[in-house]
Amino acid sequence: MPFSVFTWRKKAMEPLKLMSILHSESKCKSYFKQIREGKGVTCRRCGGLEHYWKSDRSVYECKGCGSRQSLRSGTVMGNSKLPYRYWLTAIYHMGTGKKAVSAPYLQRILRHNRYEPIWYMMQKVRMLMGKSGSGFLLQGGIESDGASLYVQGTKDLTRDGKEQRAKAKILFSVEAEPAGPRTKYKINKKIGKLKMAVLANFSAKEVENAIKCQISKDASVTTDGHKSFHGMEEWVREHKWDVVSYPESTAFKHLPVVHIMIGNFKNMMRGIYHSCKKCYVQNYADEFCYKFNRRYSQPYIANTLSNDCMSNTWY
Ligand SMILES: [Zn+2]
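Scope of this entry: the structure provided in the associated data block.

Thresholds, definitions, all that
- Residues numbered from 1 in each chain as written.
- Predicted model: local features only at pLDDT ≥ 70, side-chain atom pairs only at ≥ 80, totals over all residues.
- Heavy atoms only, no water.
- Helix = DSSP H or I, 4+ residues; strand = E, 2+ residues; numbered from the N terminus.
- Buried < 20%, exposed > 50% of the residue type's maximum accessible area, 1.4 Å probe, protein only.
- Contact = heavy atoms within 4.5 Å.
- Areas by Shrake-Rupley, 256 points an atom, 1.4 Å probe, with all protein chains shown as cover.
- Axes fitted to C-alpha atoms, helices over the stretch in contact; angles between N-to-C directions.
- Parallel < 35°, antiparallel > 145°, perpendicular 65-115°, else oblique.
- Nonpolar A, V, L, I, M, F, W, Y, C, P; charged D, E, K, R; others polar.
- Pairing = 2+ DSSP bridges.
- Donors = N, O, S within 2.8 Å, 3.2 Å for Na, K, Ca; no water.
- Tetrahedral: all angles 85-135°; square planar, octahedral: opposite > 155°, others 65-115°.

**Observations regarding the overall build of the protein**
Now for step 1: Scanning the protein for helices and strands turns up 10 helices and 10 strands.
Now for step 2: Viewed in the frame of its principal axes, the protein has a C-alpha envelope of about 70 × 45 × 40 Å.
Now for step 3: Residues classed as buried in the protein amount to 46% of the 315 residues present.
Now for step 4: Sequence-distant contacts, at least 24 apart, represent 60% of the contacts inside the protein between residues at least 6 apart.
Now for step 5: With the model as given, the accessible surface of the protein reaches about 17100 Å², and the carbon-plus-sulfur share is 52%.

**Section: the packing of helix α5 (residues 116-132) against helix α10 (residues 301-309)**
Now for step 1: Where α5 contacts α10, the two axes come as close as 10 Å, and the packing angle between them is 90°. When the interaxial angle is binned, α5 and α10 end up roughly perpendicular. Every residue of α10 that contacts α5 at Val125, Leu128, Met129 and Ser132 is listed here: Leu305, Asp308 and Cys309.
Now for step 2: Across the contact of α5 with α10, the residue classes break down as 5 nonpolar, 1 polar and 1 charged.

**Concerning the sheet that holds strand β1 (residues 51-54)**
Now for step 1: Judged by pairing direction, the sheet is antiparallel, and its 3 strands sit side by side in the order β1-β2-β3 without closing on themselves. Edge strands, defined here as strands with exactly one partner in the open sheet, are β1 and β3 (68-70). The sheet shows a mean angle of 25° between the axes of neighbouring strands, taken without regard to direction.
Now for step 2: The pairing of β1 with strand β2 (residues 59-62) spans 4 bridges and is antiparallel. Note that in β2 the partner of His51 across the bridge is Cys62.
Now for step 3: Those strands touched by helix α2 (residues 25-39) are β1, β2 and β3, and its axis lies near 30° from that of β2.

**A few points about the coordination of the zinc ion**
Reference values for coordination geometry: four tetrahedral donors around a metal ideally subtend 109.5 degrees, six octahedral donors ideally subtend 90 or 180 degrees.
Now for step 1: Protein coordination at the zinc ion comes from Cys43 (SG), Cys46 (SG), Cys62 (SG) and Cys65 (SG), with a distance range of 2.2 to 2.4 Å.
Now for step 2: Viewed at the metal, the 4 donor atoms of the zinc ion are separated by angles of 104 to 114°, and the geometry they form is tetrahedral.
Now for step 3: Each donor residue of the zinc ion lies on the same chain, and together they follow the pattern C-x2-C-x15-C-x2-C. Of this pair, Cys46 sits in the loop between α2 and β1 while Cys62 sits in strand β2, and the two are 16 residues apart along the sequence.
Now for step 4: Classification of Cys46 by relative accessible area gives partly exposed; the value is 44%.

Fair warning: the whole summary comes from geometry, so function is off the table for now.
This is the structure in structure tokens:
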């Protein structure tokens, strides 16, 4: 039976069907080519939209000026020499599974000798998730809270000048609207989308900048009593806060959803990646948010991601 792929806009490819082309470089290449042509190829010199496909060199040649560009040109794969099937395999495994996958796992199933190119490719896919999954603001009722994650790197100094393990400071904001009476589940809130930002510290200025990038002005935000949240009334419509004391575990009652998010993210980092440097935490946070925000269309995350992968606006 001849191989055929559906364009993303008409019908996304079923996960099993997508998996069945991962072994073949030519099928993966034609899959990416079909997505790119669905989006339209634009000449970078004259802006022409008509191109010849030179299959021997895998380049598009402009019918107007003769300028050439490769299939990867301008996309996230632009400077990579890794085969297309590596990229599609990474996208498939990172997108389809509910849990995250590690670089050694992908290295094993690709049977690639070196670890670094696979790790770097996965970081680029995470950056792509961050770039294509962040163009919205959170609306309605929102829970916000900060969390610290132990990371590799030089030790931080406390206020007393003592050394302590390096930590990444992360601000979590999640849509959580009260919904109906209490059910058999502990949380009677309707959970929406999640955003995470890695901050240099939890100062009021840093928190203000992050909140303005994450949350719509007409939202109603619930936080704990941290002093960095004190000016929030000026940035959003409503700010509800309460001092939570952890020994009595009122934190879970006051901010139930955001604490589940914090727990799940920390478990992912500890369980799968073990640790990372502070500068890469935002990439892992973007991956976590991208998959969480698309949890109702989980089987098609790989399709969405490969579609985003062929956008020629990477640089
Ligand atoms: Zn041209």
